[in-house]
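Listed here are the chains, written in short residue letters.
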Amino acid sequence: MFMARSRSEKMLASLAQKYVQGKATAAEKAFLEKYYGSFEKEQGFPLAPSEEAALEQEMLELTWKKAEPPVIRIYQRSWFRIAASVVLLLAAGISYLIISRQPLPVVVAPANVIDFAPGGDKAFLTLSDGTTILLDSAVNGNLVREGDVVVQKMDGQLSYAGEDPSGEVHYNTITTPKGGKYQLILADGSKVWLNASSSLRYPAAFTGKDRVVELTGEAYFEVKTDRARPFRVVLPGGGGVEVLGTHFNINSYSDEPTVNTTLFEGKVRVVAASSREPGRYQVLLPGQQARQGPAGQISINNNADLEQVIAWKNGKFLFGDSMDMEEIMRQLARWYDVEVEFHAKITEFIGGSISRDVNASQVFHMLEETGAVKFKIEGRKVIVMAHNK
């Protein structure tokens with residue numbers, strides 16, 4: 001028999017789901033923990049140990065991909081136990097709010113906490129004549145003309161429409177600061193997503209035999225197929241990626257040890273810096289990732305974690321099983337526009353996922369919950385320390 005849920009049950013179920021997904025605020029998490037704690041203390045946990053363990057395992061499998069130790073998951077066991085118990089209570093048609101007749105716990109957010117807001121649609125556009133336009137404060141609609149090409153801005157997206165019959169090339173550059181991201185539709189219809197602290201230089205209209213853009217930082221490309229005009233991405237140092245029509249991600253941040261090109265669809269050729277010699281380029285197939293080192297050497301990862309690579313474009317952090325704390329903090333520094341300083345070497349690997357739309361404090365709190373690391377905030381500096389165990 002199905003039972004209609006009361007308003008309080010629906011709200012509690014929604015909160016439990018947010019908790020499991022890592023989307024609950026600090027106040028919501030504190031409320032749920034207090035709620036569960038009072039129930040367990042007075043009513044007793046409603047499952048046998050074997051049933052509880054089976055449920056936890058099911059929730060873990062739904063939430064996480066399998067990982068080998070010593071990866072420390074952001075979601076600790078107690079979190080699932082709390083959320084699972086609430087979900088089970090609701091599924092059984094039981095409402096502790098009704099049984100106990102007690103008022104809801106009152107949670108007061110801590111005062112004077114230093115926090116950093118998440119990034120958003122922020123970028124500036126540099127035109128061919130050197131004029132700079134701050135896009136996040138520009139109104140939607142037609143922004144400017146470059147020759148006969150109309151540049152339009154619409155809610156975090158810049159698009160180019162038209163051709164320039166004169167053949168004159170007008171180069172534009174879009175730049176995202178730390179804490180910024182932006183979308184771009186080039187004149188040929190190709191789409192580009194720029195991550196934080198990145199830039200793309202490109203012509204307002206493609207007039208030659210090929211389509212060439214220059215990237216620093218990170219971007220995801222969906223290139224419009226045009227076999228008569230190959231698309232080429234030039235990277236710092238002279239290397240690049242050549243394509244006809246395909247979907248791929250390039251991470252070329254200067255503070256990363258390698259330039260990573262990951263192919264999602266189609267086929268690309270990754271060219272080593274300033275070289276077309278045999279052995280200095282690699283053709284990628286979908287699912288492969290090319291890693292180019294400082295000396296131009298290219299290695300291939302045949303089983304790239306595509307979900308992790310594209311997580312930033314999908315609005316979340318996804319810390320992979322092979323990701324160390326230095327790499328995690330580089331991502332956070334770019335998105336929250338903070339300086340990071342390590343006071344200890346963190347040897348544990350941490351896996352997990354959380355939305356990029358939350359404040360930095362929630363990310364730091366979840367990382368600290370692993371017991372591997374703790375943080376100290378001084379202005380916009382984040383100090384990373386080992387957790388005293």
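Located above this text is the structure these notes cover.
What to know about the overall build of the protein chain
In step 1: Within the protein chain one finds eight helices and 25 strands.
In step 2: Considering the protein chain as a whole, with its 389 residues, one finds that 43% of them fall into the buried category.
In step 3: Residue pairs in contact within the protein chain that sit at least 24 positions apart in sequence constitute 54% of those at least 6 positions apart.
In step 4: Surface exposure of the protein chain reaches about 19,500 Å², of which carbon and sulfur atoms provide 52%.

Quick look at the packing of helix 7 (residues 325-336) against helix 8 (residues 360-368)
Between two packed helices, the angle of one axis relative to the other and the distance separating the axes together describe the packing.
In step 1: As a packed pair, helix 7 and helix 8 sit with axes 11 Å apart at the nearest point and diverge in direction by 165 degrees. On the basis of their axis angle, the class for helix 7 and helix 8 is roughly antiparallel. Note on packing geometry: the crossing formed by helix 7 with helix 8 is left-handed. Residues Ile328, Met329, Leu332 and Tyr336 of helix 7 touch helix 8, and the partners they reach there are Ala360, Val363, Phe364 and Leu367.
In step 2: Tallied by class, residues from the contact of helix 7 with helix 8 come to eight nonpolar, no polar and no charged.

Focus: the layout of surface pockets
Taking a probe equal in size to a water molecule and rolling it over the atoms shows the remaining empty space.
In step 1: Taken as a whole, the largest pocket spans an internal volume of roughly 720 Å³.
In step 2: In terms of lining, the largest pocket is formed by 34 residues, of which the most central are Asn260, Gln289, Gln308, Met323 and Glu327.
In step 3: Ranked by residues supplied to the lining of the largest pocket, first place goes to helix 7 with five residues.
In step 4: A per-class count over the lining of the largest pocket returns eleven nonpolar, 13 polar and ten charged.

Notes on the packing of aromatic side chains
In step 1: Applying the stated criterion to the full structure yields nine aromatic pairs.
In step 2: Positioned over the ring face of Tyr171 is Arg201, at 4.0 Å from the centre of the ring.
In step 3: We note Lys313 situated over the ring of Trp193; from NZ or CZ to the ring centre the distance is 4.4 Å.

Section: the nonpolar core
In step 1: Core analysis: the biggest nonpolar cluster contains 40 residues, and Leu158, Ile174, Leu200, Tyr202, Phe221, Val233 and Phe248 have the highest contact counts within it.
In step 2: Counting residues per element, this core draws most heavily on strand 12 (residues 211-222), at four residues.
In step 3: Excluding its chain neighbours within four sequence positions, the residues that come into contact with Phe221 are Lys191, Val192, Leu200, Val213, Leu215, Phe231, Val233, Thr246, His247, Phe248 and Ile250.
In step 4: Residues Met323, Ile354, Val382 and Val384 belong to the second largest nonpolar core, which totals 27 residues.

The rules we used
- Residues numbered from 1 in each chain as written.
- Predicted model: local features only at pLDDT ≥ 70, side-chain atom pairs only at ≥ 80, totals over all residues.
- Heavy atoms only, no water.
- Helix = DSSP H or I, 4+ residues; strand = E, 2+ residues; numbered from the N terminus.
- Buried < 20%, exposed > 50% of the residue type's maximum accessible area, 1.4 Å probe, protein only.
- Contact = heavy atoms within 4.5 Å.
- Areas by Shrake-Rupley, 256 points an atom, 1.4 Å probe, with all protein chains shown as cover.
- Axes fitted to C-alpha atoms, helices over the stretch in contact; angles between N-to-C directions.
- Parallel < 35°, antiparallel > 145°, perpendicular 65-115°, else oblique.
- Left-handed = near helix turned anticlockwise from the far one by under 90°.
- Nonpolar A, V, L, I, M, F, W, Y, C, P; charged D, E, K, R; others polar.
- 1 Å grid on protein atoms, 1.4 Å probe; cavity = no way out; pocket = protein on both sides within 12 Å on 5 of 7 lines; lining within 4 Å.
- Points joined across faces, edges and corners; volume = space filled by probe spheres on them.
- Phe/Tyr/Trp six-rings, centres within 6.5 Å; stacked < 30°, edge-to-face > 60°.
- Lys NZ or Arg CZ within 6 Å of the ring centre and 35° of its normal.
- Core = buried A, V, L, I, M, F, W, Y, C linked by side-chain atoms within 4.5 Å.

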